[in-house]
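# Structure at a glance
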Amino acid sequence: MTTTEASPTTPAATERSFPPGFVWGTATASYQVEGAVAEDGRTPSIWDTFSHTPGRVAGGDTGDVADDHYHRFREDIALMKRLGMASYRFSVAWPRITPQVSADALGPVNEAGLAFYSTLVDELIAAGIEPAVTLYHWDLPQALEDAGGWTARTTSERFAEYAEVVAAALGDRVRTFITLNEPWCSAYLGYASGVHAPGRTEPAAALAAVHHLNLAHGLGAAAVRRAAPGARVALTLNLAWVRTEGSRKADHDAVRRVDGLQNRVFLDPVLRGRYPADVLLDTASVTDWSFVREGDLALIHQPLDVLGVNYYSPTVVRAWDGSAPRAENDGHGDSAHSPWVGSTDVEFPELPGEKTAMGWSIDPRGMTELLLRIHREHPGLELLVTENGAAYDDVVVAGQVHDVERTRYLRDHLAAVLDAVEAGAPVRGYYLWSFLDNFEWGYGFSKRFGVVHVDYATQERTVKDSALWYASVVSRNAVPAVVG
């Protein structure tokens, strides 16, 4: 393993300090890093099935081995400690915990699966790193998808039972449980555009999935509190900073529609106990929303201790008049089917300027705007940035990775977080995505988000310059005004 110690902490000419106690961390997800997909009783998830289906993932890549974090977690934790990380956000693979789950019953608990995560938590605590657990980061047991997946109410019910098992096992040592990661992706990319597992292209099913994911959060939040009364319950959403450069009334209506589909259809039921009336109207031609049962919104509207915000890139829209091919530069993969259910008259123009290797435009203002929006609309709600980062085409040269573009991206977005904090937003921490290069879903291993480079053939880890820079920020609890 090639590693480099963090540079001595010399004050920058100009730097801005974060509040005392600000939590600095990094994050991964189970299917993206663990590997060991058939070990210790684990059964297939929808991503195992999807990645093994020809043509679904770039290069035919799968998460069968990924970063082998399942076997190398001690090495990775030691590296986190060396870099000064205060917290590690990881997800639990549901198929490791209840590998025989069905629509009718959770099935027996797999003690070997629980033991892995219990040991991981213990190793983190021993290293002085706080664990933050995401209960669902997209690896739904395949058996549940076979029974309808997130279009079925029973999946929400089984999720709550699974959440209670994990919280009971880890809640004596874990302070924060995140129920779901980015349900927007699970619903729309999984069931509408089909670029994510399970690869379905059924708009009505996508909206049913939206509701059952919201219901899973509510039922799961209650389950976590039963099993671990002292824990904090969180939800992570990939909120969009939606804007338009157009001036027509229709352009501004496009902003409203996309904001409803990405932001408010999750925020409003969780934090207000209702679905936005305009979203129900916009999608009335797709579904009548009859899957929402009496009492569901009360179940979803559980008290939320923390809201996690994931932000990478702006979302710019305009009305499409049909006079030219519809621009679909929304950053969510290529598909003949749109994830934007009921919004065929909205297009996503390509923006000029710098982009990441994902083709995503860079605009850190969106980070500030989203955090301040939540603060305005839901004052007092504690916030965490649970993901932020960038993919670039990194190469190892003489044992080093000089990723100056990623360092600049992180600096600008950390400054944007601090702008929001200084304006009053109660942001308590930041989790850099990602700790390791990993399996990037439909892009396979072709996109590298990590601040630690992984050679997938040898599993050698190489600390990138961005990781050393981030370690310096962590040690000073401050972000410099310029990248040195």
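Look up: the structure comes first, before these words.
A brief look at the structure comes next. These numbers come from a predicted model, not from an experiment.

Procedures and definitions
Note that residues are indexed from 1 along each chain, following the sequence as it is written. For this predicted model, a pLDDT threshold of at least 70 governs which residues receive local features, and a threshold of 80 or more governs which side-chain atom pairs are given and counted, while totals over whole chains, interfaces and linings are taken from all residues. Side-chain calculation: all heavy atoms of the structure are included, whereas hydrogens and water are not. Every axis in this analysis is a line fitted to C-alpha atoms, fitted for helices over the stretch in contact. Angles between the N-to-C directions lie between 0 and 180 degrees. Under the scheme used here, helices are H or I runs from DSSP no shorter than 4 residues and strands are E runs no shorter than 2 residues, and both carry numbers assigned from the N terminus. Working rule for angles: under 35 degrees goes down as roughly parallel, over 145 as roughly antiparallel, 65 to 115 as roughly perpendicular, anything else as oblique. The crossing is said to be left-handed when, going from far helix to near helix, the turn is anticlockwise and less than a right angle, and right-handed when the turn is clockwise. Residue contacts are counted whenever heavy atoms from the two residues lie within 4.5 Å of one another. The nonpolar class holds Ala, Val, Leu, Ile, Met, Phe, Trp, Tyr, Cys and Pro. Asp, Glu, Lys and Arg form the charged class, and all remaining residues, Gly among them, are polar. A side-chain nitrogen of Lys or Arg and a carboxyl oxygen of Asp or Glu constitute a salt bridge if their distance falls within 4 Å. Exposure is judged per residue with a 1.4 Å probe applied to protein chains only, and the accessible area is read against the type maximum: over 50% gives exposed, under 20% gives buried, and values in between give partly exposed. Multiply 1.5 Å by the residue count of a helix minus one, and that product is the helix's expected span. The pocket and cavity definitions rest on a 1 Å grid over protein atoms only: a 1.4 Å probe that fits but cannot leave marks a cavity, an open set with protein on both sides within 12 Å along at least five of seven lines marks a pocket, and residues lining either have an atom within 4 Å of a point. Grid points are joined across faces, edges and corners, and a volume is the space filled by probe spheres set on the points. At least two DSSP bridges between two strands are needed for those strands to be called paired.

### Here we look at the packing of helix α8 (residues 183-191) against helix α9 (residues 203-227)
Two measures define how a pair of helices packs: the angle their axes make with one another and the distance between the axes. Contact geometry for α8 and α9: axes closest at 8 Å, N-to-C directions at 160°. Relative to α9, the element α8 lies roughly antiparallel. Between α8 and α9 lies a crossing whose hand is right-handed. Across the interface between the two elements, P183, S186, A187, Y188 and Y191 of α8 pack against P203, A205, A206, L207, A209, V210 and L213 of α9. Its residues assigned to classes, the contact of α8 with α9 comprises eleven nonpolar, one polar and no charged.

### Here we look at the pattern of salt bridges
Here the structure, examined in full by the defined rule, presents 43 salt bridges. Where R42 meets D48, a salt bridge forms, and the shortest distance between an N and an O atom there is 2.8 Å. Among the salt bridges present, the one from R74 reaches E123, with a minimum N-O distance of 3.4 Å. Residue R74 is found in helix α3 (residues 69-82), and its partner E123 is found in helix α5 (residues 111-126); the two are separated by 49 residues along the sequence. When its relative accessible area of 29% is taken as the criterion, E123 is described as partly exposed.

### Some points on helix α14 (residues 404-422)
Relative to the 27 Å expected for 19 residues at 1.5 Å per residue, α14 spans 27 Å between its end C-alpha atoms, a close match to the ideal helical length. Positive backbone phi, at 110°, marks G424, one or two positions downstream of α14.

### Some details on empty space enclosed by the protein
According to the stated counting rule, one finds five cavities of 30 Å³ or more in the structure shown. Taken together, I46, W47, Y136, W138, W150, C185, S186, H196 and A197 form the lining of the largest cavity. Secondary-structure elements contributing two or more residues to the lining of the largest cavity are α2 (46-51) and α8.

### Focus: unusual backbone geometry
At the junction of A197 and P198, the peptide bond is cis and its omega measures out at 10° in the coordinates. With respect to the secondary-structure elements, P198 resides in the loop between α8 and α9. Of note, the bond from W433 into S434 is cis; its omega dihedral lies within 30 degrees of zero at 0°. In this structure, E182 takes a positive phi of about 45° despite not being glycine. Of note, W289 is a non-glycine position whose phi angle comes to about 60°, a positive value. In this structure, W289 sits in the loop between α11 (277-282) and α12 (296-300). Of the residues examined, W289 reaches a relative accessible area of 7% and is grouped as buried.

### Let's talk about the pairing of strand β5 (residues 176-181)
Within β5, six of the six residues are buried, leaving the element largely enclosed by the surrounding structure. Two elements, strand β4 (residues 130-136) and β5, share four bridges in a ladder whose sense is parallel. From the neighbouring strand, T134 faces β5, where its bridge partner is I178. Of the strand pairs in this sheet, β5 and strand β6 (residues 232-237) are connected by four bridges, and their pairing is parallel. Note on β6: the bridge partner recorded for I178 is A234.

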